[in-house]
Each structure stands twice: as structure tokens, then as C-alpha cells.
Amino acid sequence: MTTTTTTILRTTSLHKHYRLGDQDLHVLRGVDLAVEAGEWVAILGASGSGKSTLLHLLGGLDRPDAGQVRFNGDNIFSLGGSRIDQYRNRYVGFVFQFYHLLPELTALENVLISAMMGRSVFGWPGVRKSVRQRAVQLLTQMGLGERLRHRPNKLSGGERQRVAIARALINEPRVLLADEPTGNLDADTGRQILALLADLHKAGQTIVMVTHDQRIADYADRCLTLERGKLVG
Amino acid sequence: MYKVLLISKYLRRKLAPLFAAVAVTICTAMVIIVISVMGGFLQTMRDAARRGTGDITIEAGWTGFPHYAELAQTLEQLPEVHAATPVIVGAGMVKLGDHVQVAPVVLGVDPADLNKVLPFQSTLYWGEENMSLPQVRQRAMQWQLPWDDPADADGSQASEANGNGKTTPPRGIMPGIEVYPKRRDKGGQYASWQSLIGARMNLTVVPVTQAGGMLEPETRELVVVNEIKSGLYDVDKSHIFVPFDLLQEMMGMGADEVIDPETGEPVGGRHEPRASRILVRAAPGVDLETAHEAVRKATARFAANHPDMTGLYTYTWEDQHRDLLNAVRNEKGLITVLFTIISVVAVVMVATIFYMIVLEKTRDIGVLRAIGASRMGIANIFLGYGLVIGLLGAILGTALGVTFVYNLNELQDLLDAWFGWRMWSAETYYFDEIPEHVDYAEAALIAFGAVVSSLAGALIPAALAAQLDPVESLRYE
Ligand SMILES: Nc1ncnc2c1ncn2[C@@H]1O[C@H](COP(=O)(O)OP(=O)(O)OP(=O)(O)O)[C@@H](O)[C@H]1O
Ligand SMILES: [Mg+2]
């Protein structure tokens, strides 16, 4: 698609262990991955293969035992404490299988809260209008124009996932990290969500998506498989 | 900004924090009520004690001292002194009908003079409002009965009505209202039919010679012209007021002829009349210790010029009532500590409720971390939440406590009317009313303490929330 490609996200020999008592579970055993800007990468793998673990590392939500995650060339784990929070807030956006919306907030507030983060009580009023406009626009674009004031328990699964995607996108992140975004939806609704991701991708959004379903992985530009702690394919 | 949004949402959507706020409210109100009532109690006692004794007293022991009028005048010239009046102090007993009673403190006073030193007239219990007679107090101040003919200032009518045929009418006496006790109703009032006004009372005192010897007891029949209620039980139980010159004479402190102790014959010349005490009131705006110091120095100077004046000493009303006031003060401190300990319950309650919220919100905390919240940010949500609940509880608690204190007596009347139950029995506590007094500095301190306590309660759950592993939290569906 794009002629000049730049690597936006790169991992080098990423290792992750889980220790349970004297058991040592070596989940990731040297994962090397390079994601180009504007690319849609799918990561396939069986249940328990470590896909979510990898995605959490990419998003700076967890720390690896060895190896690096570089965003635009910077190792995100050598950033200072508050910088990595900023990284999660501004540069990546998470979408989860179980939507993970905050039940007390309306659809619109769930989207806005991500934008409020990193802005003080005094900084917020200045940008409130434009951010709100963008949030409404995003939700409308996803067919939720009538559902702004609904709380999550009044929304269907597909609608919830679209709110979650809008939340992930509100800060215009460079990379969208999606962990089985259709895993909890019926086939039809799942296809709608994938179509939505395809639209975003067409508009230039970089996406890393995790799934165990080959048919879903087919939507992506490139498909990698996580097997015995390593990426192949 | 997201913290403000979340705190406001959690406040509106959750019941548990409201319980925490209610707990803080109740504890705040409780401590304010207790401290206010105990403080009011202390203040009432202080006022009564001061009312009963004046600011400063000069004394020289049981046999008194001479040149008292001159000394009082000298003291009144001090800028620190508003007024000074001499009094005679004796002890003896009184007899009313067949009832004989010890009279530990008999005071000979000039009511008009005494009134300049302490609000004597206002401590006269019987007046227009409870006797339906005009000028009861004004008459009593002249040692007259309310129904005496004002033109007949010597009060001969009273004696005539009594028909005892004495040529000299009995003079007035004003006993403390609790000298004859058990007359109060539940509201602490005395029925007018129980008034002793007009009753004949025999007063006996034992005069003492300057050398300390006892003379023959002196007895007089007197007529009660009013009764004294200073508000301090100790005073009203023990004090009896009679005319200054009468007691001076009865106590042998007047200008009697000098008698040779050997022969028992007058040797010519007269004793200098003596008084037992001088009561002093400090000038307005002069603090007690300053006035005391000035009085002490002036008295010492005066005594230095009069060789027959020895053993004079001075003390303030605070010195005089120190033990009583300290006891109440200690009691206040003790109860305050007790209730502060109870308030620790509020802290634990806030901590528990917040801990439950953290457990319930574990997944949401993970989500917040995933979309960029820092550990500090998460902790601040809960601390902010604790602060809001603390503020809410402190404000509501203060409002509740203050309203409660200011309506204690009304509330008690309601309870009495509905259930016939009085939490404050004026019969027992002697004060007619529960003191309705709030020290706002203390209340503010308590409210501040409530906020700090809530924050302390929120601290551990907040730290816990901050320590949560976001990945772990997100594993829960
Ligand atoms: N906190 C943890 N402690 C111990 N083991 C863990 C922990 N988190 C994950 N694991 C284990 O690590 C392995 C990889 O987990 P992960 O969630 O990454 O798998 P996954 O590929 O996302 O699986 P699924 O498709 O079911 O979501 C699993 O065997 C899991 O049991
Ligand atoms: Mg997974």
C-alpha cells in the first residue's frame, strides 16, 4: 500500500515467564516482531499460547523478563514511570474481548474518559468541546449516534465493542491493539466489527489483532502464528 | 479530570459510600455534641462561680481585719478595679419553724454595694415573674418584704402583722435557695407557694474574739425577704445573706468598747470595726491576673502603713473554685478522649467500605490502567473519594451537631411531652437548662479531624488499588 514503510513497533527476543510456586511457565520464548506503520497484523495462536501476554507487553501494560519493545525506536520499558502511562494513553489503544467498559459511565463518557486522562481539571475545559465533538463523531460513525447517553448494560455486545473501539481511538493512537475483538460476538456482529476495523485500516490505522480463528486473521495484511513461545509465519 | 468524573459517578451510583458518609456524619455530630455540652457545663459553672464570689477576694482569716472601708476605697481608685465592697463572714445555724439547719457561710453584706461587685440582684430568685408582685427584688435589696408599705421603711408593718408585739421589727435575711432543699420540680423551678418570703428565721452565729476565743452564741429572729439562686449548687446550698451591720455586730466585729481581759472592765476607747473580706470586681477589659496583681500590691502597700493589719491575702475566683472546675475540666477531657476513640470506628468503617469498593472495582481499575491511568492516579481516585466523603460527613455532622446542641432543651421538652422521659434532670444536675453553647474553634477542629480520619481510612484501600496488577485485573471478565 504505502511505498515508504517505517517500523513503528518492534520487539526483540521478548521473553515472559509466569511463576506459580515452584512451577515456571515460560510463555514467550524470544518473540521478534516488527509492525510497519499502516499495517494490519494478525497474530494467530491456540488458547493459552501467550497471545494476550504478547499484546499486553506491546501495550506497556506488563513488563517482559527479557527483551525489548521499541516504539518509534524507543524502548518503552526504559521510559520513566509516568511516560509509560502516557504511552498507553496516547500512542496505543486497547480493545478487549470482553469490551471492558466502565459500567457507571455512559457510552459517551466511556469514550471521553480516555481523553480526560492526562488532562487536569483546569486543562480539560479548554479542550472539552473539540474532544466531545470528536467522540460524538466517532460514535455516530459507528452507528451509535442515538446511544450516547446509554450505559453499557443497555447496549448489545456489538454496540459495546464499538464503544470500546471508539474509546481506543479517541486519542488518535498510532497503534490499535485488539485482543480477540470478536471473540464474544456472534458471527454476523463479528463481521460488522471486522468491517469497521477494515475501514479504520483503510484510513491508515495501524492494527495489531490477536485471534485464534484463521478466518478472522484473513482480514489482516499479514498473519503470524504464535507457537511454543515463538512467532512463525 | 477523569478522577473528578469517576468520583462524582461513584458517589451518585453507590450506596456504600453513603453509609461511610453517614458514619462520619454521626461521629462528627456526636463528638461535637459531647464536647459542646461538657464545655457548656464548664462554662456555666465558671459563670456561676464567678457570679457567686466576685473576681478577687481579700481576706485575713476568721477574725477579719480593720480599716476595711479605707482599703476598699483605696482599691476602687485603682484603674484595674471597678468596685470593691467589704463583707462579714460568719458561720452558725438557722432555724425555720422546727427545722434546724447548719449555715456554713453567713455573709453580712450591703446589697447595693455588693451589686457593684457581682450581679447580686439578678441572683435573687423571687421577682415579678414568679411572685406576681411588683418590685420584689428592689425591695429585697433594701431588706424589705414585697408587701411592706414603701413609706414605712423600717418594716414595722411586718412585725405588726405577725403580732408578736416586739418593738423592733425583724431585719431581713436571704438564704440560698437550696438551704431548704427538695422544693424543685422536674424543670428545676420552685413553685411560688413554696417561697420562704415572709417566713421568720432564727439565725445563730458564734462570735469569735480577736485572740481566737469563742464567745456566747448570738441569736436573732429575722424575716426572709428573698432567696438566692446563683446557679452554683455549692453556693446556694451554703450561703445565707444578712445585713452587713447586723452580722458585724453579732460577730463582735463592731466598734465595741475595749475590755480588759483580766478584769472584764472597759479600759476606755473602742475597737476599730472589722470586716472579714473585701470582694473586688476587676475593671471591664482588664484580665483577671492583671487585676489580681494590682490588688495584691495595693493591699500590701496599704497593710504596710497599718501595723494592725496582718495576715492579709488575696485570691481570685478561679483559685477559690479550682478543685471543682478542674474536676469538670478533667471529666470533659476524659469523655472527649473516649468519644475520639469511638470515632476510630468511623475510620475503620471507611476503610472497610473502601476496601470493598476496591475489590468490586478491580477490573475497572485494570481498565483504567490500560487506557493510561497511573498508579498515583488510581490512588488519588480513592483518596479524593475519601476526601469528599470526609468533607460531606464533616459538614453534615457539624450542622447536625450544632443544630442538636442549640435545640437540646426543646428536644428534651418534646421527649418529655411524648414519652415522659427527661435525659437531663434539673433536679439532679441543678442547672435548669442544658447549656446550649458551641465553641466554633473546637467544632472546626473536630470537622477537620473528621476529614483527616476519612482520608486515613481511604489510605490503605487506595494504596491497595494502586498496587493492583492491571493484567491480573483484566483477566476477570
Ligand atoms: N498471571 C498469570 N499467572 C500465571 N500464569 C499465567 C498468568 N497469565 C497468563 N498465564 C498463563 O500463560 C499462558 C498464556 O496466557 P495468555 O492469556 O497470554 O494466553 P492466550 O493466548 O491469550 O489464550 P486465550 O486465547 O485463551 O486468551 C496461559 O497458559 C496462562 O495460563
Ligand atoms: Mg487471551
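Computed from a prediction, not measured in an experiment: that's the story for all the values here.

1. Digging into the overall build of chain A
- The secondary structure content of chain A amounts to seven helices and 10 strands.
- In terms of overall size, chain A behaves like a compact globule, its C-alpha atoms giving a radius of gyration of 18 Å where 233 residues would be expected to give roughly 17 Å.
- Counting only C-alpha atoms, chain A reaches 50 × 45 × 40 Å along its principal axes.
- Residues counted as buried form 53% of the 233 residues belonging to chain A.
- Counting only carbon and sulfur atoms, one obtains 47% of the accessible surface of chain A, whose full area is about 10,700 Å².
- Mean positive and mean negative side-chain charge positions of chain A (29 and 23 charges, respectively) differ by 6 Å.

2. Quick word on the pairing of strand β8 (residues 206-211) of chain A
Residues and elements named next belong to chain A.
- In terms of residue burial, β8 counts as a mostly covered element, since six of its six residues are buried.
- Of the strand pairs in this sheet, strand β3 (residues 40-45) and β8 are connected by five bridges, and their pairing is parallel. Pairing of Leu-44 across the sheet is with Thr-211, part of β8.
- As defined by bridge partners, strand β7 (residues 175-179) adjoins β8 across five bridges and the pair is classed as parallel. Looking across to β8, one finds that Asp-179 is bridged to Val-210.

3. Side note on helix α13 (residues 362-370) of chain B
Residue and element names in this part refer to chain B.
- Of all nine residues in α13, eight are buried; the element is thus mostly enclosed.
- Taken as a whole, α13 has its buried residues at Thr-362, Asp-364, Ile-365, Gly-366, Val-367, Leu-368, Arg-369 and Ala-370.
- At the C-terminal side of α13, Gly-372 shows a positive phi close to 120°.

4. Description of the site of ligand 1
- Within the structure, ligand 1 sits among 15 residues, and Ser47(A), Lys51(A), Ser52(A), Thr53(A) and Arg475(B) are positioned closest to it.
- More than one chain lines the surroundings of ligand 1; the residues nearby belong to chains A and B.
- In this structure, Ser47(A) approaches ligand 1 through a side-chain N or O atom, which is 2.5 Å from an oxygen atom.
- Thr53(A) places a polar side-chain atom, nitrogen or oxygen, 2.5 Å from an oxygen atom of ligand 1.
- Among the elements of the structure, β1 (7-20), β2 (23-36) and α1 (51-58) of chain A are those that each provide at least two residues to the shell around ligand 1.
- At three residues, the largest contribution of residues to the shell around ligand 1 is made by α1(A).

5. Regarding the interface of chain B and chain A
- Contact residues are listed per partner, giving 25 residues for chain B and 26 residues for chain A.
- Counting the surface lost from both chain B and chain A, the interface buries some 2,500 Å², and carbon and sulfur atoms represent 68% of this.
- Of all residues in chain B, Met1(B), Ile371(B) and Val471(B) bury the most surface against chain A, accounting for 27% of the area lost on that side.
- Taken together, the connections running from chain B to chain A amount to three salt bridges.
- The closest approach of N and O atoms between Asp85(A) and Arg369(B), which form a salt bridge, is 4.0 Å.
- Linking chain B to chain A there are seven residue pairs in polar contact (both at pLDDT 80 or more).
- Elements that contribute at least two residues to the side of chain B that touches chain A include exactly α1 (2-13), α13 and α18 (470-474) of chain B.
- Partitioned by chemical class, the residues of the side of chain B that touches chain A number 15 nonpolar, two polar and eight charged.

6. Thoughts on the packing of helix α2 (residues 16-53) of chain B against helix α17 (residues 440-467) of chain B
Residue and element names in this part refer to chain B.
- Direction vectors running N to C along α2 and α17 enclose 150°, while the axes themselves pass 10 Å from each other. Considering the angle they form, α2 stands roughly antiparallel to α17. As α2 packs across α17, the resulting crossing turns out to be right-handed. Each of Val-24, Thr-28, Val-31, Ile-32 and Ile-35 in α2 lies in contact with α17, whose residues at this interface are Glu-442, Ala-443, Ile-446, Ala-447, Ala-450 and Ser-454.
- Split by residue class, the contact of α2 with α17 holds eight nonpolar, two polar and one charged.

7. As for helix α3 (residues 107-116) of chain A
- Where burial is concerned, most of α3(A) is hidden: 10 out of the 10 residues are buried.
- Buried residues of α3(A): Ala107(A), Leu108(A), Glu109(A), Asn110(A), Val111(A), Leu112(A), Ile113(A), Ser114(A), Ala115(A) and Met116(A), and no others.
- On its buried face, α3(A) is in contact with α2 (81-91), α4 (124-141) and α5 (157-169) of chain A together with α1 and α13 of chain B.

8. Structural notes on the domain arrangement of chain B
- Along its sequence, chain B is carved into domain 1 (2-45 + 325-475) and domain 2 (61-311).
- In this structure, domain 1 of chain B and domain 2 of chain B have C-alpha centres spaced 53 Å apart.

9. Points about the sheet that holds β1(A)
Residue and element names in this part refer to chain A.
- Strand order in the open sheet made by the four strands is β2-β1-β4-β5, with antiparallel pairing throughout. For this open sheet the edge positions go to β2 and β5 (74-75), each flanked by a neighbour on one side alone.
- Note that β1 and strand β4 (residues 66-71) share five bridges and pair antiparallel. When the bridges of β4 are listed, Leu-9 appears paired with Phe-71.
- Each of β1, β2 and β4 is contacted by α1, which is oriented at about 125° to β1, the strand it contacts most.

What counts, and at which threshold
Each residue is numbered by its place in its chain's sequence as written, counting from 1. Key to labels: chains lettered from A, ligands numbered from 1, both in the order written. Since the coordinates come from a predicted model, pLDDT governs what is reported: local features require at least 70, and pairs of side-chain atoms require 80 or more to be given and counted, while whole-chain, interface and lining totals use all residues. As a convention, hydrogens and water are excluded, and side-chain values are obtained from all of the structure's heavy atoms. Each helix is a run of H or I in the DSSP string that is no shorter than four residues. Each strand is a run of E no shorter than two, and both are numbered from the N terminus. Atoms considered for the radius of gyration are the C-alpha atoms alone. The globule rule reads 2.2 Å times the number of residues to the power 0.38. Here the term buried applies to any residue with accessible area under 20% of the maximum for its type, exposed to any over 50%, and partly exposed to those in between, with areas from a 1.4 Å probe on protein chains only. Shrake-Rupley sampling with a 1.4 Å probe provides the accessible areas, and residues are treated as covered by the protein chains on show and by no other component. Charged residues are defined narrowly, with Lys and Arg counted positive, Asp and Glu counted negative, and His plus the chain ends left uncounted. Note that the charge is assigned to NZ on lysines, CZ on arginines, CG on aspartates and CD on glutamates. Any two strands with at least two DSSP bridges between them are considered paired. Whether a residue is near a molecule or strand is decided by its heavy atoms; if any one of them lies within 4 Å of it, the residue is near. Contacts described as polar in this section are N or O atom pairs within 3.5 Å, which, within protein, must combine one atom able to donate a hydrogen with one able to accept it, while residues neighboring in sequence count only if both atoms come from side chains. Note on contacts: a residue pair is in contact if any heavy atoms of the two residues lie within 4.5 Å. Buried area adds together the accessible area that both of two parts lose upon being put together, with accessible area traced by a 1.4 Å probe. Every case where a carboxyl oxygen of Asp or Glu lies within 4 Å of a side-chain nitrogen of Lys or Arg is listed as a salt bridge. Any residue that is not Ala, Val, Leu, Ile, Met, Phe, Trp, Tyr, Cys, Pro, Asp, Glu, Lys or Arg is counted as polar, Gly included; the first ten are nonpolar and the last four charged. A fitted line through C-alpha atoms represents every axis, and for helices the fit uses only the stretch in contact; the resulting angles, taken between N-to-C directions, go from 0 to 180 degrees. When an angle is under 35 degrees it counts as roughly parallel; over 145 it counts as roughly antiparallel; between 65 and 115 it counts as roughly perpendicular; any other value is oblique. A crossing counts as left-handed when the near helix is turned anticlockwise from the far one by less than a right angle, and as right-handed when that turn is clockwise. The start and end points of each domain follow an automatic or database-based domain assignment.

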